[in-house]
Amino acid sequence: MIEIVKINWVLMAGHACWVLGAAVILTLLSVMEFSRSNRKVPVKMFGVSAVSVGLIVLGVLLLNFKIPTSKLLVSRVTGLNEGALATCDVSVSFPVSDIKMDELNGRHERNTTAILDNTLALFYDGFMVTPLVKFKPGEYEVEFSARGTKALDEYAAVKVEFEELEGQYLIVKTRSFIVLTSAMEKREMKFSVTGLGIGRIKISFVNDDLEAGGKRDRNVWIKDIGIIKSF
């Protein structure tokens, strides 16, 4: 499987078209009003006006037929071997070796040569994701244990997302923000799957910060990620 983060060009093109069309129309109206107020021959630019309206219509159509997400950056998956994926019939858990991290956190020695108690650490704004899993329709719950440190009177917080594969794109279906504490406690998020699907869990550290002088730093520790099917 190859995962590539790409720019959602359809989304960009849609907004560019309607904004350009609206800008041209406003410009034409300003020119016509200037000509009228100065008693000059009215400017007739029906062709340009038609093109502008066409751009606006094209922009609206592109936004309606865009990749089903409002995110500018999308994850595209190719070369997926569905037969090799685990199925969450009752529950599925993920060993540390199966968890993928962003490059900066992933290459830290704490997550490579110094892993303790099957716990992974996020020292910088970043993420960890589970492998893709096959789901049947139903209600599910992701569970994991996590703790965070405090800096500037605020504890570390994580964003938990269920991403489902639609065509070749991973689309966020459920999202939750959790503020951690200093205690390693069980955290959870419920999500639903409406049909046979393939998806994964993504956990992101979203508020990294450091006090002046390096006295205290916000960090996150996570372990025992698993998914349970509700009955």
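Note that this is a predicted model, so its numbers are computed, not measured.

Colleague: Where do I start with the packing of aromatic side chains in this structure?
Modeller: Given two aromatic rings, one states the distance between the centres and the angle between the planes to describe the pair. Using the criterion set out here, one finds six aromatic pairs in the structure. When the centroid spacing of 5.0 Å and the interplanar angle of 80° are considered together, the rings of Phe135 and Tyr140 count as edge-to-face. We note that Phe135, like Tyr140, is buried. Ring centres of Phe162 and Phe191 lie 4.2 Å apart, and the angle between their planes is 20°; on these two criteria the pair is classed as stacked. Here Phe191 lies in strand S14 (residues 185–193) and Phe162 lies in strand S12 (residues 157–166), a separation of 29 residues in the sequence. The class for Phe162 is buried, based on a relative accessible area of 0%. A relative accessible area of 2% places Phe191 in the buried class. Within the aromatic cluster, the residues linked to one another by ring pairs are Phe135, Tyr140, Phe162 and Phe191. A cation over an aromatic ring shows up here: Arg147 above the ring of Trp221, its NZ or CZ 4.1 Å from the ring centre. For the cation-ring pair, Lys202 lies above Phe127, with the distance from its terminal atom to the ring centre recorded as 4.6 Å.

Colleague: It is not clear to me how the nonpolar core should be interpreted in this structure. Could you clarify?
Modeller: Within soluble globular proteins, side chains that are nonpolar generally end up buried alongside one another. Core analysis: the largest hydrophobic core is formed by 31 residues, its most contacted members being Phe191 and Ile227. Looking at this core, the elements that each hand over two or more residues are strand S6 (119–122), strand S8 (133–135), strand S9 (138–148), S12, S14, strand S15 (197–205) and strand S16 (220–229). Excluding its chain neighbours within four sequence positions, the residues that come into contact with Phe191 are Phe135, Gly138, Glu139, Tyr140, Glu141, Val142, Phe162, Thr174, Ile201 and Ile227.

Colleague: Could you clarify how one ought to interpret the packing of helix H1 (residues 9–37) against helix H2 (residues 46–64) in this entry?
Modeller: How two helices sit against one another is set out by the angle between their axes and by the gap between those axes. Running from N to C, H1 and H2 cross one another at 155°; their axes reach a closest spacing of 7 Å. As far as their axial angle goes, H2 and H1 are roughly antiparallel. In terms of crossing hand, the pair formed by H1 and H2 is left-handed. For the contact of H1 with H2, a count of residues per class yields 17 nonpolar, six polar and no charged.

What counts and what doesn't
Residues numbered from 1 in each chain as written. Predicted model: local features only at pLDDT ≥ 70, side-chain atom pairs only at ≥ 80, totals over all residues. Heavy atoms only, no water. Phe/Tyr/Trp six-rings, centres within 6.5 Å; stacked < 30°, edge-to-face > 60°. Buried < 20%, exposed > 50% of the residue type's maximum accessible area, 1.4 Å probe, protein only. Helix = DSSP H or I, 4+ residues; strand = E, 2+ residues; numbered from the N terminus. Lys NZ or Arg CZ within 6 Å of the ring centre and 35° of its normal. Core = buried A, V, L, I, M, F, W, Y, C linked by side-chain atoms within 4.5 Å. Contact = heavy atoms within 4.5 Å. Axes fitted to C-alpha atoms, helices over the stretch in contact; angles between N-to-C directions. Parallel < 35°, antiparallel > 145°, perpendicular 65-115°, else oblique. Left-handed = near helix turned anticlockwise from the far one by under 90°. Nonpolar A, V, L, I, M, F, W, Y, C, P; charged D, E, K, R; others polar.

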